[in-house]
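As a plain string of letters, each chain reads:
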Amino acid sequence: MPVEVTWWGHATCTIEDSDTRVLTDPLFASRLAHLRRRRGAPPPAGARRADAVLVSHLHADHLHLPSLAQLAPGTRVLVPRGALRAVPGLRRLRGLDLTEVVPGDEVRLGELRVRVVPALHDGRRLPFGPHRAPALGYVVEGEARTYFAGDTALFDAMAEEVGPVDVALLPVGGWGPNLGEGHLDAGRAARALARLAPGWAVPVHYGTYWPIGMDAVRPHEFHAPGEEFVRLAAEAAPKVTVCRLGHGEGVRLEAGR
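These figures come from a predicted structure and were not determined experimentally. (Residues numbered from 1 in each chain as written. Predicted model: local features only at pLDDT ≥ 70, side-chain atom pairs only at ≥ 80, totals over all residues. Heavy atoms only, no water.)

Considering the overall build of the protein chain
Then step 1. Broken down by element type, the protein chain carries 6 helices and 17 strands.
Then step 2. Taken against the 2.2 N^0.38 rule, which gives 18 Å for 257 residues, the C-alpha radius of gyration of the protein chain at 17 Å falls within 12% of a compact globule.
Then step 3. Its C-alpha atoms give the protein chain principal-axis dimensions of about 45 × 45 × 35 Å.
Then step 4. Looking at the protein chain as a whole, 56% of its 257 residues are labelled buried.
Then step 5. Long-range contacts, defined as pairs at least 24 residues apart, comprise 65% of the intrachain contacts of the protein chain with a sequence gap of at least 6.
Then step 6. Surface accessibility of the protein chain: about 10800 Å² in total, with carbon and sulfur atoms responsible for 49%. (Helix = DSSP H or I, 4+ residues; strand = E, 2+ residues; numbered from the N terminus. Rg over C-alpha atoms; globule rule 2.2 N^0.38 Å. Buried < 20%, exposed > 50% of the residue type's maximum accessible area, 1.4 Å probe, protein only. Contact = heavy atoms within 4.5 Å. Areas by Shrake-Rupley, 256 points an atom, 1.4 Å probe, with all protein chains shown as cover.)

Description of the sheet that holds strand E15 (residues 209-211)
Then step 1. What the 3 strands build is an open sheet, ordered E4-E5-E15; its pairing is antiparallel. Because the sheet does not close on itself, it has two edges, and the strands there are strand E4 (31-32) and E15.
Then step 2. Two strands pair when backbone bridges link them, and strand E5 (residues 35-37) and E15 are joined in this way by 3 bridges, in the antiparallel orientation. Paired with Arg37 across the bridge in E15 is Tyr209. (Pairing = 2+ DSSP bridges.)

Structural notes on the pairing of strand E12 (residues 145-148)
Then step 1. Pairing of strand E11 (residues 136-141) with E12 involves 4 bridges; the strand directions are antiparallel. For Val139, the partnering residue across the bridge sits in E12 and is Tyr147.
Then step 2. The loop that links E11 with its antiparallel partner E12 comprises 3 residues.
Then step 3. Relative to strand E13 (residues 167-171), E12 is paired through 3 bridges, and the arrangement is parallel. For Thr146, the partnering residue across the bridge sits in E13 and is Val167.

A short note on the nonpolar core
Then step 1. Ranked by internal contacts, the top residues of the largest apolar core, which has 55 residues, are Tyr138, Tyr147, Leu193 and Phe229.
Then step 2. Among the nonpolar cores identified, the runner-up in size contains 21 residues, and Leu23, Phe28, Val77 and Ala83 belong to it. (Core = buried A, V, L, I, M, F, W, Y, C linked by side-chain atoms within 4.5 Å.)

Thoughts on the sheet that holds strand E17 (residues 249-253)
Then step 1. An order of E8-E7-E6-E3-E2-E1-E17 is seen for the 7 strands of this open sheet, with the pairing classed as mixed. Edge positions in the sheet fall to strand E8 (97-101) and E17, since each has one partner strand and no second. Ignoring which end each strand starts from, the neighbouring axes of this sheet average 20° apart. (Axes fitted to C-alpha atoms, helices over the stretch in contact; angles between N-to-C directions.)

Digging into the packing of aromatic side chains
Then step 1. Per the counting criterion, the structure on display carries 2 aromatic pairs.
Then step 2. Look at Trp210 and Phe222: their rings are 5.5 Å apart centre to centre, the planes differ by 75°, and that puts the pair in the edge-to-face class. Of this pair, Trp210 sits in strand E15 while Phe222 sits in helix H5 (residues 220-223), and the two are 12 residues apart along the sequence.
Then step 3. Classification of Trp210 as buried rests on a relative accessible area of 0%.
Then step 4. Positioned above the aromatic ring of Phe222 is the side chain of Arg38, whose terminal nitrogen or guanidinium carbon lies 4.6 Å from the ring centre.
Then step 5. The lysine or arginine in question, Arg48, covers the ring of Phe28, its NZ or CZ lying 5.9 Å from the ring centre. (Phe/Tyr/Trp six-rings, centres within 6.5 Å; stacked < 30°, edge-to-face > 60°. Lys NZ or Arg CZ within 6 Å of the ring centre and 35° of its normal.)

Shown next, in the form of C-alpha cells:
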C-alpha cells in the first residue's frame, strides 16, 4: 500500500498510511495574530479528520489551540514534553488524548510506529513564560517511512538521528521576510535532502501566511521557496523525486521507490 500525503498549507499535512490518518501541526485559521492566510483557502472540515496528530513545537503557528479544539474527541495528540506546563490552554482541551514525548520515544498508532526525533529550533511558547519544551520531528513508519521535520535548522547528525526514510516533508520557507535561526530555507533544505536521501520529498512551510501590511516587503520570500527548492534539490539530490503540491493537493507515493 502506498503512502498518501496532502498539504493543507504551512506545516499542516495529512499522512495516510496503513489505513491510519496522521495530521501534522494543524493550523486551520485564516488569520493568526499579525499573520493572514494569503494563499489557499483554510482547510475544509475533512482535513480535521485524523486518528492522531503530531505537534512539532510550541510556537502558535504549530501548536494552535483553536485548531486543536476542532479535532474529534478522543483524537490522540503527541506534543513535546513540557507543553502542558508551558501552554495551560492545552489542559482545557479535555476531549483530546494528549501524550508528551521527547526525542527517542516510540509510540504505536494502530499499525503505525511513530519515532520522535530531534529538531534544531527554539521550542518555547513565545513570548510567554520561561518554560521550555524541545522542538521535535517525527518519523511515521508503516508501509512507508515518512519524516515530518517540523521546524528545524540543518544539523550534523540529522541523517543519523532521523534514520532511513522513504518520504521527507521538509520546511523550505516561513511566514516573514526574514527566517532567522533554526529554520531551513530552500538551499539548506536541499542540503538536508542530500543527507537524508529519501525516495520522495514534499516542500512545506512556505507560501501560506504573511504579515499583514507587508505584502510588498520581500515578496520573493513568500512566493519562491517551493520552486527554488525543486531547482536546488535537483542539483543536490538528483535521485530524489520532489513533489511540489498546491494547497489542498495530495499525492500518492510508492514506498521503496
